[in-house]
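# Understanding the architecture of this molecule
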Amino acid sequence: MTYHINVSKTNVKEFLQIIQSLSSLGVVESYSSTLDLVKPGESLDEDTLLNILDHSNNEIKDGKSASHEEVKNQLEAWKKK
């Protein structure tokens, strides 16, 4: 069974320690970051892709999205740094 968990950036280290402990006990078979899912040339299985899309849709419903213009402005501000 696959779960997608949104971990606070401030608690990633602690979360990974817990997951590694669960992995050593055999409770968790494997784990990966969503960053690991975005490698050019690699395919995703259908369930993983549908779960990512579902999670993304829920984030949009919760107001955790940005418009095209907002993203463009953020990129411009980042380039100026």
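Residues numbered from 1 in each chain as written. Predicted model: local features only at pLDDT ≥ 70, side-chain atom pairs only at ≥ 80, totals over all residues. Heavy atoms only, no water.

### Remarks on helix α2 (residues 46–61)
Selection criterion: Here a helix means four or more residues in a row that DSSP labels H or I, a strand means two or more in a row labelled E, and each is numbered from the N terminus. Helices are assigned an expected span. That span is 1.5 Å times one less than the residue count.
With 16 residues, α2 should reach 22 Å at 1.5 Å per residue; the first-to-last C-alpha distance of 22 Å fits that figure. The positive-phi residue at the C-terminal boundary of α2 is Gly-63, with phi of around 80°.

### Side note on helix α1 (residues 12–24)
For α1, built from 13 residues, the straight-helix expectation of 18 Å at 1.5 Å per residue is met to within 8% by its first-to-last C-alpha distance of 18 Å. Gly-26 sits one or two positions beyond α1 and adopts a positive phi of about 90°.

### Section: the pattern of salt bridges
Note on pairing: side chains with opposite charge can pair once their charged atoms come close. Threshold: Salt bridge, as used here: a side-chain nitrogen of Lys or Arg that lies within 4 Å of a carboxyl oxygen of Asp or Glu. Residue burial is assigned from relative accessible area. The probe radius is 1.4 Å, only protein chains are included, and a residue is buried under 20% of its type maximum, exposed over 50%, and partly exposed in between.
By the definition in use, this model includes one salt bridge. The salt bridge partner of Glu-76 is Lys-79, with a shortest N-O separation of 4.0 Å. Linking Glu-76 with Lys-79, this pair stays in helix α3 (residues 68–80), spanning three residues, or about one helical turn. Residue class for Glu-76 comes out partly exposed when judged on its relative accessible area of 38%. Under the relative-accessibility criterion, Lys-79 is labelled exposed at 58%.

### As for the environment of Lys-61
As for its position among the elements, Lys-61 is in helix α2. Owing to a relative accessible area of 69%, Lys-61 belongs among the exposed residues under this scheme. Separated by 54 residues in sequence, Lys-61 and Val-7 place their C-alpha atoms 19 Å apart.

### Some words on a nonpolar patch on the surface
What counts is decided by this rule: Patch membership is restricted to residues that have no salt bridge and whose relative accessible area is over 30%. Joining uses 9 Å for like charges and 5 Å for the nonpolar side chains Val, Leu, Ile, Met, Phe, Trp and Tyr. Accessible areas in this description were obtained via Shrake-Rupley with a 1.4 Å probe; residue shielding takes into account the shown protein chains only.
A grouping of Leu-44, Leu-49, Leu-50 and Leu-53 is seen on the molecular surface, where their side chains present a nonpolar patch of about 330 Å² in accessible area. By secondary structure assignment, the location of Leu-44 is in the loop between α1 and α2. By relative accessible area, which is 35% here, Leu-44 ends up partly exposed.

### Re the confidence of the model for the chain
Worth spelling out the cut-off: pLDDT measures how confident the predictor is about each residue, on a scale from 0 to 100.
Per-residue confidence for the chain averages 82 on the pLDDT scale, and 90% of its residues sit at or above 70. Taking the mean pLDDT of every element in the chain, the minimum, 84, falls on α2 and the maximum, 89, on α1.

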